[in-house]
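Reading the structure
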Amino acid sequence: MSAHKVINHWESFMPGQRKILVIGATGTVGRQVVAQLLEAGAEVRALARDPEAAGLPDGVEVVRGDLADPHTLHTSLDGIETVFLLWPFATAEGMPAVLEVVAAHARRVVYLSSAAVRDHERQVEQLIERSGLEWTFLRPHAFAANALRWAGQIRAEAVVRGPYGAAAMPPLHERDLAAVAVHALVGDGHNGAIYELTGPEILTQAEQASIIGEVIGRPVHWEETSPQTARQQMLTRGWPPAAVDGILQAQAEMVTEPRATTATVAEVTGAPARTFRTWVTDHAGEFRDTMKAARIHEYGDASVIRYEEVPRPAPGPGEVLIRVAATSFNPSEMALRSGMLRAVLPVDLPYTLGWDVSGTIVEVGDDVEGPAVGDRVIGRLDAGGAAAEYVAAPVGVLVKAPATVPLTDAAAIPVAALTAWQVLFEHAHITAGQRVLINGAGGGVGVFAVQLARHAGATVVATASGRSAAAVSKYGADQIIDYTTTALADALDGPVDAVVNLAPISPEAAANLVSLLRPGGVIVSVATPVEPPADADVTALHMVARNDAKQLGAIVELLDAGALIVDVAESHPLSNLALVHRRSEAGQTHGKLTIFP
């Protein structure tokens, strides 16, 4: 590390004075930089070629731009003082034009280089030094995250096969690299600094594999293979020959000349660098062949839900493996759990609950085109399985998660929003200028039904209890009737064009809803079936929602356009799913509930 003054405490910073652009915000390091900048109180903007797919936290301004087209960067750099720069190309070509735009707006750049300082990285550093910008270079050594390339072997066989098991290095946690970057971005005293960054301990590759086994509770051993075998395997997976040869040469050198540790992380941040064991603990789920899930082995009350260790699934043809961010609680799952639905929805026991899923793709099966590892997705899983840490899902039912909604909250969308969409537009045929009564608007489906009806231009009359009235009003209802204190017929000012029933009411109460319709009107129920009098001039329908990824994609577009919002009333850990079922059966829940692993 060059000899420069460093700042060791967040409280010494004044990040509010700086607006920071993060280039490379969607990568492993970039996401950590963004998260820690937000924690430090900085104003953060992130560059993305596809802002809707960025999936960054609330509080980040995501703007469109492409390093390959420097003219697109002017807008993203407007008002920016400091830039975190990750250059994703294996050549410095194009960097002069990018730096020209950066220098026209900002005064400082923090560049993520590498300890190897490959030819193109050296050229980039030299260009930055000549740009007139203040600069800091980060040169990380071996990433702890490189061990993720062993995850498949460890899950399948608890073995790592590779060359140079004796190659020794000090693995660096990406959170420590990000912490140093954030100090350089928001603090003073880093201009002209070159930071060599390592973890705190030197470990061979074989020792790293052993530590992974200790953390996951399953012994993992190293099995030495020849460099030639490893080279061919890497080439088969599509690695460029020059990169393959560089990696193998570096590993060979580290057998006889281990990389030394540096104290830079502690000197810059004031906190010691995290150990490799800490990194494995943070990523243990990637290496385990088991996972936690909430399953039923028999039908019955909430006590039949078991939170247990089960085999981690593998994606089959046409499937992807999702690391679950959350599922949601749907009251109909209580009926499935109790056995009430066994005639219409038979399942094989044991059965993992969870029809809604939001999460990140971590593996891709055969015959999958488009979705890739790292994509954030949501979907409705007709076979269940999302009440778990991982789930294998057919790619055809998934869509990109909304960029404007936290991923855990996005689990509230699929079942509820699809039901609302179909009941309104496929069955009730709601159009602009109509007047629709939504009975049970305070529930999970009602959240979306009110908003979608209003977006379609309808006048919405909603029933809700007193505790849900404020939320339903926020969704855009024109009139709210507290069904616990007021008769609907007395509160309505004339008949409505359509009634949407979302509440499990008595058959008598359902029949009474018919009288609220104009002649020729329609009533659609997703709960209690409605039987109108024989002479009634109305259409009565009972519907069950179906899976439709195209509709779900349209709903996501509305969310990202700001036309809809997601409102999560409560979130609970997966281990408490049985308690959630009990509380719901006792009438102690309202709104949409999400469940996270």
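Residues numbered from 1 in each chain as written. Predicted model: local features only at pLDDT ≥ 70, side-chain atom pairs only at ≥ 80, totals over all residues. Heavy atoms only, no water.

So, on to the sheet that holds strand β3 (residues 60–64). With respect to topology, 7 strands assemble into an open sheet ordered β3-β2-β1-β4-β5-β6-β9, the strand pairing being parallel. The two strands at the open ends of the sheet, each matched to only one other strand, are β3 and β9 (193–197). Shown here is a sheet whose adjacent strand axes are inclined to one another by a mean of 20 degrees, direction ignored. In terms of strand pairing, strand β6 (residues 134–140) meets β9 through 5 bridges, oriented parallel. (Pairing = 2+ DSSP bridges. Helix = DSSP H or I, 4+ residues; strand = E, 2+ residues; numbered from the N terminus. Axes fitted to C-alpha atoms, helices over the stretch in contact; angles between N-to-C directions.)

With that settled, the discussion passes to the nonpolar core. In terms of nonpolar packing, the biggest core is built from 49 residues, with Ile-413, Val-436, Ile-438, Phe-448 and Val-450 touching the most fellow members. Ranked by residue count, the leading element in this core is helix α13 (residues 414–427), at 7 residues. Discounting residues that sit within four places of it in the chain, Val-436 has contacts with Ile-430, Ala-453, Ala-458, Thr-459, Val-460, Val-461, Ala-498 and Val-500. With 34 residues, the next largest nonpolar core counts Ala-48, Leu-56, Leu-197 and Val-265 among its residues. (Core = buried A, V, L, I, M, F, W, Y, C linked by side-chain atoms within 4.5 Å. Buried < 20%, exposed > 50% of the residue type's maximum accessible area, 1.4 Å probe, protein only. Contact = heavy atoms within 4.5 Å.)

Under the defined criterion, the tally for this structure stands at 7 aromatic pairs. Between Trp-135 and Phe-137 the ring centres are 4.2 Å apart and the planes differ by 20 degrees, which places this aromatic pair in the stacked class. Comparing Trp-135 with Phe-137, the two get one shared label, buried. Ring geometry for Trp-279 versus Phe-287: centroids 6.1 Å apart, planes at 65 degrees, classification edge-to-face. By relative accessible area, Phe-287 is classed as buried at 0%. Three or more aromatic residues link up through ring pairs in this structure, and these residues are Tyr-111, Trp-135 and Phe-137. Taking NZ or CZ as reference, Arg-312 lies 3.8 Å from the ring centre of Tyr-390, over its face. (Phe/Tyr/Trp six-rings, centres within 6.5 Å; stacked < 30°, edge-to-face > 60°. Lys NZ or Arg CZ within 6 Å of the ring centre and 35° of its normal.)

What the rule picks out here adds up to 32 salt bridges. The closest approach of N and O atoms between Glu-308 and Arg-295, which form a salt bridge, is 2.6 Å. Placement of the pair is Glu-308 in strand β13 (residues 305–311) and Arg-295 in strand β12 (residues 290–296), with a sequence separation of 13 residues. For the residue pair Glu-308 and Arg-295, the accessibility class agrees, reading buried in each case. Two residues, Arg-454 and Asp-478, come together in a salt bridge whose shortest N-O distance is 3.6 Å. Placement of Arg-454 in helix α14 (residues 444–455) and of Asp-478 in the loop between α15 (469–475) and β22 (479–481) is noted, with a sequence separation of 24 residues between them. Residue classification places Arg-454 among the partly exposed residues on the basis of a relative accessible area of 37%. Connected via shared salt-bridge partners are Glu-81, Arg-107, Arg-108, Glu-134 and Asp-188. (Salt bridge = Lys/Arg side-chain N within 4 Å of Asp/Glu carboxyl O.)

Moving on, we come to the sheet that holds strand β20 (residues 435–439). Strand pairs in the sheet, formed through backbone hydrogen bonds, run parallel or antiparallel to each other. Pairing within the open sheet is parallel, and its 6 strands lie in the order β22-β21-β20-β23-β24-β25. In the strand order of this sheet, the two ends are held by β22 and β25 (539–542), each with one partner. Taken pair by pair, the neighbouring strands of this sheet meet at an average axis angle of 15 degrees, ignoring direction. Relative to β22, strand β21 (residues 459–463) runs parallel, the two sharing 3 bridges.

With that settled, the discussion passes to the packing of helix α8 (residues 227–236) against helix α9 (residues 241–256). Between α8 and α9, the shortest axis-to-axis distance is 10 Å and the interhelical angle comes to 145 degrees. As for how α8 packs across α9, the hand of that crossing is right-handed. Contacts from Pro-227, Ala-230, Arg-231, Met-234 and Leu-235 in α8 reach Pro-241, Val-244, Asp-245, Ile-247 and Leu-248 in α9. Class assignment for the residues of the contact of α8 with α9 results in 8 nonpolar, no polar and 2 charged. (Left-handed = near helix turned anticlockwise from the far one by under 90°. Nonpolar A, V, L, I, M, F, W, Y, C, P; charged D, E, K, R; others polar.)

This paragraph deals with the confidence of the model for the chain. Should the pLDDT be low somewhere, the predicted coordinates at that spot are not to be read in detail. Residue-level pLDDT values for the chain average 91, and 97% of them are 70 or greater. Confidence over residues 1–16 falls short of pLDDT 50; this stretch has 44 contacts with residues more than four positions distant or in other chains. (pLDDT = per-residue confidence, 0-100.)

Look at α13 against helix α18 (residues 549–560): their axes get within 10 Å of each other, and the N-to-C directions meet at 100 degrees. As summarised for this structure, α13 and α18 are arranged roughly perpendicular, according to the angle between their axes. Note on element contacts: α18 touches α13 through Gln-551, Leu-552, Ala-554, Ile-555 and Leu-558, opposite Pro-414, Ala-417, Leu-418, Trp-421, Gln-422 and Glu-426. (Parallel < 35°, antiparallel > 145°, perpendicular 65-115°, else oblique.)

Let us look at the pairing of β6. In terms of residue burial, β6 counts as a mostly covered element, since 6 of its 7 residues are buried. Pairing analysis gives 5 bridges linking strand β5 (residues 108–112) to β6, with the strands arranged parallel. Across the sheet, residue Arg-108 finds its bridge partner in β6, namely Glu-134.

With 13 residues, helix α6 (residues 174–186) ought to run about 18 Å at 1.5 Å a step, and its terminal C-alpha atoms sit 18 Å apart, in line with that. When you tally the buried positions in α6, you get 12 out of 13 residues, the bulk of the element. When α6 is considered as a whole, its buried residues turn out to be Glu-174, Asp-176, Leu-177, Ala-178, Ala-179, Val-180, Ala-181, Val-182, His-183, Ala-184, Leu-185 and Val-186. (Expected span 1.5 Å × (residues − 1).)

Our next topic: the environment of His-297. On the secondary structure map, His-297 appears in the loop between β12 and β13. Assessed through its relative accessible area of 27%, His-297 is described here as partly exposed. Put simply, His-297 and Asp-348 are 51 residues apart on the chain and 9.1 Å apart in space, counted from C-alpha to C-alpha. Leave out the neighbours within four places in its chain, and His-297 touches Val-304, Arg-306, Glu-308, Leu-349 and Pro-350. Here the side chain of His-297 touches Glu-308 through a polar contact of 2.7 Å, side chain to side chain. (Polar contact = N/O pair within 3.5 Å; in protein donor to acceptor, adjacent residues only side chain to side chain.)

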